[in-house]
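# Structure at a glance
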Amino acid sequence: MERTMSEAPNSPKKATECSIAEDNKKNLQFIEEVTTNVGNVQRRVLAEILSRNANVEYLQRHNLNGHTDRETFKKVIPAITYEDIQQDINRIAHGDKSPIFCSQPISEFLTSSGTSGGERKLMPTIQEELGRRLQLHGLMMSVISQSVPDLEKGKGMYFLSIKSEAKTPGGLPARPVLTSIYKSPYFSNRRLSPYANYTSPAETILCPDSYQNMYSQMLCGLCQNKEVLRLGSYFASGFIRAIRFLEKHWSLLCNDIRMGTINTQITDLSVREAVMKILKPDPELADFIEAECSKDSWKGIITRLWPNTKYVDVIVTGSMSQYIPTLDYYSNGLPLVSTMYASSECPFGINLNPFCKPSEVSYTLIPTMGYFEFSPIHRTNEVPNSISMSESPNEKEQQQLVDLVDVKIGQEYELVVSTYSGLYRYRVGDVLRVAGYKNNTPQFTFVCRENVILSIDSDKTDEVELQNAVENAVRDLMPFDAHVTEYTSYADTATIPGHYVLFWELSINVSTSIPPSVFEDCCLTIEESLDSVYRQGRASDKSIGPLEIRIVEIGTFDKLMDYCVSLGASIDQYKTPRCVKFAPHVELLNSRVMSSHFSQTCPNWVPGHRQWNNMN
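Residues numbered from 1 in each chain as written. Predicted model: local features only at pLDDT ≥ 70, side-chain atom pairs only at ≥ 80, totals over all residues. Heavy atoms only, no water.

## A few points about the pattern of salt bridges
Put simply, the test is: Note on definitions: salt bridges are taken to be side-chain nitrogens of Lys or Arg within 4 Å of carboxyl oxygens of Asp or Glu. Any residue under 20% of the maximum accessible area for its type is buried, any over 50% is exposed, and the rest in between are partly exposed; the area is computed with a 1.4 Å probe on protein chains only.
On inspection of all chains with the given rule, the structure shows 32 salt bridges. Among the ionic pairs, Arg91 bridges to Asp96, the shortest N-O distance being 3.0 Å. Using a relative accessible area of 26% as the deciding quantity, one classes Asp96 as partly exposed. What you see here is one network of salt bridges that share partners, running through Glu48, Arg52, Glu128, Glu129 and Arg132.

## Details of the sheet that holds strand E23 (residues 548-552)
The condition is simple: In this description, strands pair whenever DSSP reports at least two bridges between them. Labels follow the DSSP assignment, with helices taken as runs of H or I lasting at least four residues and strands as runs of E lasting at least two, numbered in each case from the N terminus. With axes taken as lines fitted to C-alpha atoms, and helix axes fitted only over the stretch in contact, angles between N-to-C directions fall between 0 and 180 degrees.
The strand order E21-E22-E23-E24 describes an open sheet built from four strands, whose pairing is mixed. On the outer flanks of this sheet lie strand E21 (482-492) and strand E24 (593-598), each paired with one strand and no other. With strand direction ignored, the average angle separating the axes of adjacent strands in the sheet is 25°. Taken together, the ten bridges between E21 and strand E22 (residues 499-508) define a ladder with antiparallel strand orientation. Bridging across to E22, Ala491 finds its partner in Tyr500.

## Notes on the nonpolar core
Quick reminder of the rule: Only buried Ala, Val, Leu, Ile, Met, Phe, Trp, Tyr and Cys residues count toward a nonpolar core, and they belong to the same one when joined by side-chain atoms within 4.5 Å.
By size, the foremost hydrophobic cluster in this structure holds 85 residues, and its most contacted members are Phe348, Leu365, Phe372, Phe374, Leu415, Tyr424 and Tyr426. The leading source of residues in this core is helix H6 (residues 129-147), at eight residues. Ile240, Val314, Leu506 and Phe519 belong to the second-largest nonpolar core, a separate cluster that totals 77 residues.

## Quick notes on the packing of aromatic side chains
Heads up, the rule is: Pairs were defined over the aromatic rings of Phe, Tyr and Trp, the Trp ring being its six-membered one, requiring ring centres within 6.5 Å. Orientation was assigned from the angle between planes: stacked under 30 degrees, edge-to-face over 60, tilted for the rest. By definition, being over a ring means that NZ of Lys or CZ of Arg is both within 6 Å of the ring centre and within 35 degrees of the ring normal.
With the rule as written, the count across this model stands at 19 aromatic pairs. Centroid distance Tyr215 to Phe245: 6.4 Å. Interplanar angle 80°. Geometry classified as edge-to-face. Of this pair, Tyr215 sits in helix H10 (residues 210-223) while Phe245 sits in helix H11 (residues 236-259), and the two are 30 residues apart along the sequence. For Tyr215, a relative accessible area of 0% puts it in the buried group. By relative accessible area, which is 12% here, Phe245 ends up buried. Measuring from ring centre to ring centre gives 5.5 Å for Tyr329 and Tyr330, while their planes differ by 70°; the resulting arrangement is edge-to-face. One aromatic cluster in this structure is built from Tyr341, Phe348, Tyr363, Phe372 and Phe446. Against the face of Tyr420 rests Arg132, its NZ or CZ located 4.0 Å from the ring centre. The lysine or arginine in question, Arg578, covers the ring of Tyr487, its NZ or CZ lying 4.3 Å from the ring centre.

## As for the packing of helix H20 (residues 556-566) against helix H21 (residues 583-590)
Going by this rule: Should an angle fall under 35 degrees it is called roughly parallel, over 145 degrees roughly antiparallel, and 65 to 115 degrees roughly perpendicular, with every other angle called oblique. Each crossing gets its handedness from the near helix: less than a right angle anticlockwise from the far helix is left-handed, clockwise is right-handed. Contacts are assigned to residue pairs that have any heavy atoms within 4.5 Å of one another. When residues are sorted by character, Ala, Val, Leu, Ile, Met, Phe, Trp, Tyr, Cys and Pro go into the nonpolar class, Asp, Glu, Lys and Arg into the charged class, and all the rest, Gly among them, into the polar class.
It is at 10 Å that the axes of H20 and H21 come closest, and there the two elements cross at 155°. Here H20 is positioned roughly antiparallel relative to H21, judged by the angle of their axes. Crossing of H20 over H21 shows right-handed handedness. The segment H20 lies against H21, with Thr556, Phe557, Lys559, Leu560, Tyr563 and Cys564 engaging Pro584, His585, Leu588 and Leu589. The class makeup of the residues in the contact of H20 with H21 is seven nonpolar, two polar and one charged.

## Regarding the state of the cysteines
Under the convention used in this document: Pairs of cysteine sulfur atoms within 2.5 Å are what we label disulfides.
For the coordinates displayed, the defined rule picks out zero disulfides. Lacking any disulfide linkage, Cys220 is separated from the closest cysteine sulfur, that of Cys223, by 6.4 Å. Since its relative accessible area comes to 1%, Cys220 is described here as buried. No disulfide involves Cys564; its sulfur sits 13 Å from the nearest other cysteine sulfur, which is in Cys579.

## Regarding H21
Our working rule: Here the arc refers to the set of directions running from the helix axis out to each C-beta atom.
Inspection of H21 places His585, Val586, Leu588 and Leu589 among the buried residues, and these make up the whole buried set. Looking straight down H21, one finds that the buried residues subtend no more than 160° of arc, so they occupy a single side. Residues of H21 that are buried make contact with E21, E22, E23, H20 and E24.

## Details of the domain arrangement of the chain
Just so we agree on the cut-off: These domain limits were set by an automatic method or by a database of domain assignments. Whenever a nitrogen or oxygen atom comes within 3.5 Å of another N or O atom, the pair is scored as a polar contact, on the condition that within protein one atom can donate a hydrogen and the other can accept it, and that pairs from neighbouring residues in sequence are kept only if both atoms are in side chains.
Along its sequence, the chain is organised into domain 1 (149-309) and domain 2 (452-612). Its C-alpha centre places domain 1 at a distance of 34 Å from the equivalent point of domain 2. Residue-level contacts link 15 residues of domain 1 with 16 residues of domain 2. Taken together, the links from domain 1 to domain 2 amount to one salt bridge. Between Arg241 and Asp457 there is a salt bridge, with its nearest N and O atoms 3.5 Å apart. Linking domain 1 with domain 2 are two residue pairs in polar contact (both at pLDDT 80 or more). Broken down by element, the side of domain 1 that touches domain 2 gets its largest block of residues, five residues, from H11. Its residues placed into classes, the side of domain 1 that touches domain 2 shows five nonpolar, five polar and five charged.

## Quick look at helix H2 (residues 38-52)
To keep it simple, the criterion reads: A helix is expected to reach a length of 1.5 Å times the quantity of its residues less one.
In this model H2 runs 21 Å from its N-terminal to its C-terminal C-alpha over 15 residues, within 8% of the 21 Å that 1.5 Å per residue would give. Here H2 has its buried residues at Val38, Gly39, Val41, Gln42, Val45, Leu46, Ile49 and Leu50. Down the axis of H2, the buried set is contained in an arc of 165°. They therefore lie on one face.

## Considerations on empty space enclosed by the protein
Rule in force here: Cavity: a set of points on a 1 Å grid over the protein atoms alone where a 1.4 Å probe fits but cannot get out. Pocket: an open set with protein on both sides within 12 Å along at least five of seven lines, its lining residues, like those of a cavity, having an atom within 4 Å of a point. Grid points are joined across faces, edges and corners, and a volume is the space filled by probe spheres set on the points.
Counted according to the given criterion, the structure contains four cavities of 30 Å³ or more. Estimated volume of the largest cavity: approximately 150 Å³. Secondary structure elements with two or more residues in the lining of the largest cavity: strand E2 (119-125), strand E5 (173-175) and helix H19 (532-539). Sorting elements by how many residues they give to the lining of the largest cavity places E2 first, with three residues.

## Quick word on the environment of Gly232
Along the polypeptide, Gly232 turns up in strand E6 (residues 228-235). Sequence separation between Gly232 and Glu152 is 80 residues; the distance between their C-alpha atoms is 16 Å. Contact partners of Gly232, with chain neighbours within four places excluded, come to Met157, Tyr158, Phe159, Phe239, Asp313 and Val314.

Have a look at this one:
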């Protein structure tokens, strides 16, 4: 029961078959214990967080006065959003080393995919937090090993990459959590972990150039195709990009495998050196890959090229569910396994039934990861994804926050977390629904991200942000005496990478002709108006394609309303949706498109927050 893993292992040893079985047994026993005694575990976790950090400025400011009991904590500590602590976070970013949130030193900032003021949120973290994230991975692999034995005898082919990082003015790294993990000492020693034996050498993963990163990892994965037992990427979108990359470059890859050489476009010397340790001339394998990739259909290409694969390891919950049909096509129906639920703020939980249908995925929160509370969600109306979430909960709402053991089956909640790194009653912004129980611990399905209407990869665009971006863009139409009378949007994932599509209905002077370049400028203006996560995806990561505006016939949005009313919507309460996901709605809009225009250049983006870059 007292078994924890608050620190990363100092000196991992090569696992033996016996030790693997023993570790799996211990991990499964740990899950049983903490999910059975969840109430006691949560009380202990909160007490430990508060006792460690009793003298930090934030808790003193709220007069906790060293108390570690739950009742006092709930009474005096408010539930907060990022904006409530942004000033304190900026102090740390600018070099203040005093214990503001946490008694332990802040080792780095993990940059959230959510934004504040258009910039990535900075989540302070401490060195030991890596241990909890690694523990969550270890627990998950022990669960999977129950269904797929001997995984340690093969390899995982994962398409992993680092993202751009920055230094705060005070010198702390600010980077996404996965980049932090891939650059950690543990990851460089991952060969010593039985379930972290990947086809990709570390040098290929750490290569910042997206083409060289993808090419070298695909080459290594093809060379070791018979050893691959599982494959994937963190998000479904990233894995599909890898398959589309293979569609485009398979002939070059086959040539490298046939000759035992590396394409000259791979200029990173460390990557070339690492790949050459794996790559050997293999004309027979090259002929096999060429034959499969030359076929008319790519249906089942994953099982054809990597015949021993047991499952595809990708997140397909939330906005990633839009990629499920494409994944099924390429994988020939292999199980799609969503393993873990975590964020920049905290590791949360795992999927204890990993081979369930994607629509049935639920996550069991591991109660040692942090202290969890839940704010009940109330639907404002019958429109899907329309959720009432106040910007800052009042005292009554704050008292309604319930503990992990007190949530109700079928109810939706926003997750609120207190962490070892110094977040206290922090509103994560994720909406979860209680789906069932593991022993005495609730299991949650991920419903959506608060207020998000558009998402392709890690970007999250809400309705207000989109409205502001459109308002900025329509100024480009003013010289032509034209304006947008109605608009909506959708995330088009039929293209790889996916891209945002806006449908515009215009009021225009019939004698006026608007050049296509004006609409292209509108596209870019919208992109420049979106947050830094979107702009990074477009300009640096290439995980999002150019934004598109489709001009529709006059009367199109009246037709859309008529269709919605015919399905039972109230004509008095009807409001044009700012995002459409229902296929017939998209088909109706597409059937009335008169012209289509794309952004011709990438929006401006540089690593780090704008204010940091303006300091020099």
